[in-house]
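# Remarks on the overall topology
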Amino acid sequence: MDNTSLPTQPYKGARDFYPEDMRIRNYIFLKWKEVCKRFGYEEYDGPFIEPFEIYAAKSGEELVNEQIYSFIDRGDRKVAIRPEMTPTIARMVSQRYSELNYPIRWFSIPNLWRYEKPQKGRLREHFQLNVDIFGIDGVEADIEIIQIIVNLLKEFGADKNMFEIRMGNRILLEDVLKDANIPSSKFKDIMKAIDKLKKISVDDFKYILKEKADLKPKEIDSILSFLQSSNEYILKMKEKSPGAEEILKTMKLLRLSGIESYVKYDPSVVRGLDYYTGNVFELFDLSPNNSRAMAGGGRYNNLVEGFIGKRISGVGFGMGDVTFRNFLENWHLLPQIPQTTEFLITVWPKEDGTKSDKYFNASLETADILRKKGRNVILWLDANTKIEKQLKFADKKNIPYAVIIGDDEINNKKITLKDMKEMKQKNLSISEFINII
Ligand code: HAM
């Protein structure tokens, strides 16, 4: 191939992060990390590639059959690029099962890959904040996880009218299906159909339940009436379903924690991943411009069991950076994030024919002094550029100060500090300069 025809675009559905995007990414990640640490969560990470089978068992058909990037490595092993983090954390917990100090509170921001059709809010690559707690069976842990989600959003200045957490419960749904005498072999197909419900019409939903799950009209009706049911229905199911009891207890604790107004019971939230076993929830932007879930999670009590046969419960969520940035932009919550260079040290241009490096040396020395003081400095690297051009560069880059060192300054051991915004300048001795910075 001719070199001039190499592609300049990134791989489809993947992003380049130019410095202005990187600033935003770092701003978001830093706040995410701060909030997690405030709740006592510790950061971890795992490999980018994992054995394929850790997803095949429990991540759900869509993810495994349609979206995973997998290949056979040179040693003939089937491996996958991680499409989600939960199997990795479950594997890591399993590996050190008996040494870990429970409950475990861990977070991570992995880059994940899924072969999806790129569209608004969905790419083939995204970063996902994962926050998980292991070793607490009670819904107190679910509450802490929801509290973290609420705090994460508030940290960026979001308020109640901007987002909503919708919560369902897998046990309650299964109990409703059992109550309607639907055999458990059909539950998986039914959950898959419910997970798609928001994207399809009711008629298509009925059709799928009839054709794929082989349900009778009466059974379909009982599912539909459950999906349209309100909080009273949970009270009615209280005696029959531990799931209903779990939801009621969760709601009570949400009230006690003062965050109940952020969370809404929604029986149609079931989640697409197979491993969830209790409460499940999704976070939504309330602006219609960003209709995709910004985060999703829930309780998964059997994932570690699949690795080492020992039961340890988990609950957590994943929050994607793509929809999150859309959310911040939608609600004008993203501030201008300035570049971080504070000083441009200009270099006085040499007169034609001058061999002396005195201007460059003086500027280099000043840059050194500032850097030793921990300041962020760019030193001009060409000895023949007009000062105006150097100042233009600083202005375009939004560097707040320029330092000018010409003959007068060198002879008097001074510098000229120029405030690029105010367009004012001061002549200062080196020690005065150090004192004011
Ligand atoms: P998930 O619902 O598949 O859950 O993903 C969580 C979030 O990641 C989504 O709500 C969305 O914001 C973001 N996301 C997912 N796929 C994409 C994509 N293709 N492009 C952009 N953003 C995306 C999980 O992955 C679970 N493992 C989360 C979890 C952690 N559950 C318990 N702990």
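Definitions and cut-offs
Residues numbered from 1 in each chain as written. Predicted model: local features only at pLDDT ≥ 70, side-chain atom pairs only at ≥ 80, totals over all residues. Heavy atoms only, no water. Pairing = 2+ DSSP bridges. Helix = DSSP H or I, 4+ residues; strand = E, 2+ residues; numbered from the N terminus. Axes fitted to C-alpha atoms, helices over the stretch in contact; angles between N-to-C directions. Contact = heavy atoms within 4.5 Å. Domains from an automatic or database assignment. Near = heavy atom within 4 Å. Polar contact = N/O pair within 3.5 Å; in protein donor to acceptor, adjacent residues only side chain to side chain. Nonpolar A, V, L, I, M, F, W, Y, C, P; charged D, E, K, R; others polar. Patch = residues over 30% accessible without salt bridge, like charges linked within 9 Å, V, L, I, M, F, W, Y side chains within 5 Å. Areas by Shrake-Rupley, 256 points an atom, 1.4 Å probe, with all protein chains shown as cover. Salt bridge = Lys/Arg side-chain N within 4 Å of Asp/Glu carboxyl O. Buried < 20%, exposed > 50% of the residue type's maximum accessible area, 1.4 Å probe, protein only.

### Points about the pairing of strand 4 (residues 78–81)
- Bridge count for strand 2 (residues 49–51) against strand 4 is three bridges, and the pairing is antiparallel. Bridging across to strand 4, proline 51 finds its partner in valine 79.
- Bridge count for strand 3 (residues 69–72) against strand 4 is four bridges, and the pairing is antiparallel. Its bridge partner being in strand 4, isoleucine 72 is matched across the sheet by lysine 78.
- What sits between strand 3 and strand 4 in their antiparallel hairpin is a turn of five residues, with aspartate 76 showing a positive phi close to 70 degrees.

### A look at the sheet that holds strand 16 (residues 414–419)
- Strand order across the open sheet formed by five strands is 14-13-15-16-17, with mixed pairing between neighbours. Of all strands in the sheet, those bounded by a partner on one side alone are strand 14 (377–379) and strand 17 (424–429). Going across the sheet, the axis of each strand differs from the next one's by a mean of 25 degrees, ignoring polarity.
- Sheet topology places strand 15 (residues 401–404) next to strand 16; four bridges connect them, and they run antiparallel. Each bridged residue has a counterpart across the sheet, and for isoleucine 404 the counterpart in strand 16 is threonine 416.
- Contacts from helix 14 (residues 358–372) reach strand 13 (343–345), strand 14, strand 15 and strand 16 within the one sheet, and its direction differs from that of strand 14 by about 165 degrees.
- Contacting strand 13, strand 14, strand 15 and strand 16, helix 15 (residues 387–396) crosses the sheet at an angle of about 160 degrees to strand 13.

### A few points about the domain arrangement of the chain
- Splitting the chain by domain gives domain 1 (11–330) and domain 2 (343–436).
- Relative to domain 2, the C-alpha centre of domain 1 lies at a distance of 54 Å.

### Focus on the site of the ligand
- Of all residues adjacent to the ligand, which total 27 residues, the nearest are Glu84, Thr86, Glu116, Leu123 and Tyr276.
- Contacts to the ligand include glutamate 84, whose side-chain N or O atom sits 2.6 Å from a nitrogen atom.
- The contact in question runs from an oxygen atom of the ligand to an N or O atom on the side chain of glutamine 128, over 2.9 Å.
- Residue classes in the shell around the ligand are distributed as ten nonpolar, eleven polar and six charged.

### Focus: a nonpolar patch on the surface
- A cluster of nonpolar residues, Phe48, Ile49 and Phe71, forms a patch on the protein surface that exposes about 250 Å² of accessible area.
- The topology assignment puts phenylalanine 71 in strand 3.
- For phenylalanine 71, a relative accessible area of 37% translates into the label partly exposed.

### Here we look at the sheet that holds strand 4
- Reading across the sheet, the three strands line up as 2-4-3 and stay open at both edges, with antiparallel pairing between neighbours. The open sheet has two edge strands with one neighbour each: strand 2 and strand 3. Neighbour-to-neighbour, the strand axes of this sheet turn through a mean angle of 35 degrees, independent of strand direction.

### What about the pairing of strand 10 (residues 279–285)?
- Most of strand 10 sits out of view: seven of its seven residues are buried.
- Here strand 8 (residues 163–169) runs beside strand 10; their pairing, made up of seven bridges, is antiparallel. Counted as the bridge partner of glycine 168 is valine 280 from strand 10.
- Bridge analysis of strand 10 against strand 11 (residues 293–300) gives five bridges, and the strand direction is antiparallel. Among the inter-strand pairings, phenylalanine 281 is bridged to a residue of strand 11, identified as glycine 297.

### Considerations on the environment of arginine 170
- Within the fold, arginine 170 resides in helix 6 (residues 170–179).
- For arginine 170, the residues in contact, after removing those within four places along its chain, are Met191, Val270, Arg271, Leu273, Asp274, Tyr275, Tyr276, Thr277, Gly278 and Val280.

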